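# Examining the three-dimensional arrangement
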Amino acid sequence: MTAELGQRNADNVGRGHPKGLWNLSLTELWERFSYYGLQSTLTYYLLFSIADGGLGLAPATAVGIVGAYGACVYLAQIPGAWLADRVLSPRNMILVGGTIIMLGHIALALIPSVAGLVAGLMMISVGTGALKTSITTTVGLLYDDRTGEDRDAGFTYFYMSISLGAVAGMLCVGFTQSRWGFHVAFGLAAFGMALALVQYLATMRSLPAAAGIVKNPIGRAQLGYLAIGVGLAGAVLAGGLVSGVIRGSNINLVAGFVIVVVFIGCVSRILSSDLVTPEEKRRTRGFVPMWIAGSVFVGLSGQVFTTVPLLVTERVDLNIGGWQIPESWLAVIGSVALIVISPLTATALRTSRLGRTNTATKYALGIGITAMAYFMLMLTDAWPGRTVPVWFVAACLIITGFAEVLVGPIGLALATRVAPRRFQSQLVALQILTLGAGATIYGALGALYTAMSTGYFFFLTGVLGMTSAAVLAAFSKPIEALLKA
């Protein structure tokens, strides 16, 4: 342990942050390039007619599938984290996950059908489950000997790399799709993932020694039970799809139900374990309301992948000076805003009162600011027909990007700080699962959007955000008392 700590101290160079932070950030950047490049075009791929290169699905079905896909991507974090704790080390899980993700994008690029869609999305979900929790956990290991303020600032830079990758992916893949079609664009996403693997292979040996250790190795007998469990889960899923119990119109709700069950099961397991100290159990209880709040935030801000594409295809004028903006580029705007503000926020977290503000209050501010953006979108009803100017929608999305810096990176830092030692990867996976829970929310909101007026929908969305922010702010002190180390 002493040698391990000494190695981490030796790595704490370069702008006050461990050098491993920049290596992992670049790997995450290229992985997010591929993920968000696909995500920004997926709804359009499902909506566009077969003649236009899409699959021609109904709007409600399309947004439901997008929500369910997002849910499955992050639901896969739970088994991925378990494997990182019990079977393969986090360092190796990152490599395996990245390879599977790349194969998923290749399937989407080469198989232009529903079969290609299912195969590609399933592989990307599994691969992301293996990679994302492990890379976040490894970043946390770099800050084991640092203050909470340093950890928050480091994760803000790490989160900025996520946003840089997202912006580059959405711009490049979106432009490629608008010029050469969906499948060429999916191929570009596969290339981005290949770059992530090259970057990671070049640097993985320099990561902390703890990242190469399986903390709680599984016994050989248990491996057999694991294989049986995986087989049964696959059989149940296949049976549900073949029988029609699970279908496009309800797959988002099924995914949401599974996420709630998994979350309750994982938290119950941690709280009942003899391997977890009373202090760790207290912090885990404090993590629960933060998880719910994080899920609500993702559900609100993630509508850029469901509700916003529906609004764009129906009512937004994308023409600027005679040039037609690619539809998927609107999804980039919030991430650009986050990138711009992240360095300023990272500095403020280390040097100002903002850094000393408790985590629940930071979340409440972020959710409240996002709610204001959706109240602004109510004004889209003031423009009749397909005449809503793109600059107005862009302004609202910029506000949501500014808000995300108070939730996304803070949540990752929180999870690595409060996680029980024997369940570290699994609690980080639960934090990342807020993206999955939020995906089911924005998928459901997208379906709701198709059933009511635009102005009334955005009013209800704003009310949901403001109510959540107010409740969280009211209970911020008792929540912080539970989270305190």
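Residues numbered from 1 in each chain as written. Predicted model: local features only at pLDDT ≥ 70, side-chain atom pairs only at ≥ 80, totals over all residues. Heavy atoms only, no water.

A few words now on the overall build of the protein chain. Assigned secondary structure in the protein chain consists of 20 helices and four strands. For the protein chain, the C-alpha radius of gyration of 21 Å lies close to 23 Å, the compact-globule estimate for 485 residues. For the protein chain, the spread of C-alpha atoms along the three principal axes comes to 65 × 50 × 40 Å. Put simply, of all contacts in the protein chain between residues at least 6 apart along the chain, 83% involve residues at least 24 apart. Side-chain charges of the protein chain comprise 30 positive and 20 negative groups, with the mean position of each set lying 6 Å from the other. (Helix = DSSP H or I, 4+ residues; strand = E, 2+ residues; numbered from the N terminus. Rg over C-alpha atoms; globule rule 2.2 N^0.38 Å. Contact = heavy atoms within 4.5 Å. Lys, Arg positive; Asp, Glu negative; His and termini not counted. Charge placed at Lys NZ, Arg CZ, Asp CG, Glu CD.)

Within this structure, the stated rule accounts for two cavities of 30 Å³ or more. Volume-wise, the largest cavity comes out at about 630 Å³. Only helix 2 (19-47), helix 7 (148-180), helix 11 (278-301), helix 13 (333-351), helix 16 (390-404), helix 17 (408-418) and helix 18 (424-449) provide two or more residues apiece to the lining of the largest cavity. Its residues placed into classes, the lining of the largest cavity shows 20 nonpolar, twelve polar and three charged. Estimated volume of the second largest cavity: approximately 60 Å³. Around the second largest cavity, the lining residues are Gln39, Ser40, Thr43, Tyr44, Val304, Phe305, Val308, Pro309, Glu327, Ser328, Leu330 and Ala331. Ranked by residue count, the leading element in the lining of the second largest cavity is helix 2, at four residues. (1 Å grid on protein atoms, 1.4 Å probe; cavity = no way out; pocket = protein on both sides within 12 Å on 5 of 7 lines; lining within 4 Å. Points joined across faces, edges and corners; volume = space filled by probe spheres on them. Nonpolar A, V, L, I, M, F, W, Y, C, P; charged D, E, K, R; others polar.)

A word on the environment of Pro217. Relative to the helices and strands, Pro217 resides in the loop between helix 8 (182-203) and helix 9 (220-243). With relative accessibility at 53%, the residue Pro217 sits in the exposed group. C-alpha separation for the pair Pro217 and Gln39, spaced 178 residues apart in sequence, amounts to 35 Å. Sequence-distant contacts of Pro217, defined by excluding residues within four places in its chain, comprise Asp85 and Arg86. (Buried < 20%, exposed > 50% of the residue type's maximum accessible area, 1.4 Å probe, protein only.)

Attention now moves to the environment of Ala364. Mapped onto the elements of the fold, Ala364 is located in helix 15 (residues 359-377). The buried category is assigned to Ala364, whose relative accessible area is 9%. With residues up to four places along the chain from it excluded, the contact list for Ala364 reads Ala469, Leu472 and Ala473.

The next subject is the side chain of Thr461. You can see Thr461 is positioned in helix 19 (residues 454-474). A polar contact of 2.9 Å, which involves the side chain of Thr461, links it to the backbone oxygen of Phe457. Setting aside anything within four residues of it in sequence, one finds Thr461 in contact with Leu300, Gln303 and Tyr374. (Polar contact = N/O pair within 3.5 Å; in protein donor to acceptor, adjacent residues only side chain to side chain.)

In this fold, Leu117 is placed in helix 6 (residues 114-142). Not counting chain neighbours up to four residues away, the residues in contact with Leu117 comprise Leu42, Tyr45, Leu46, Leu55 and Leu108.

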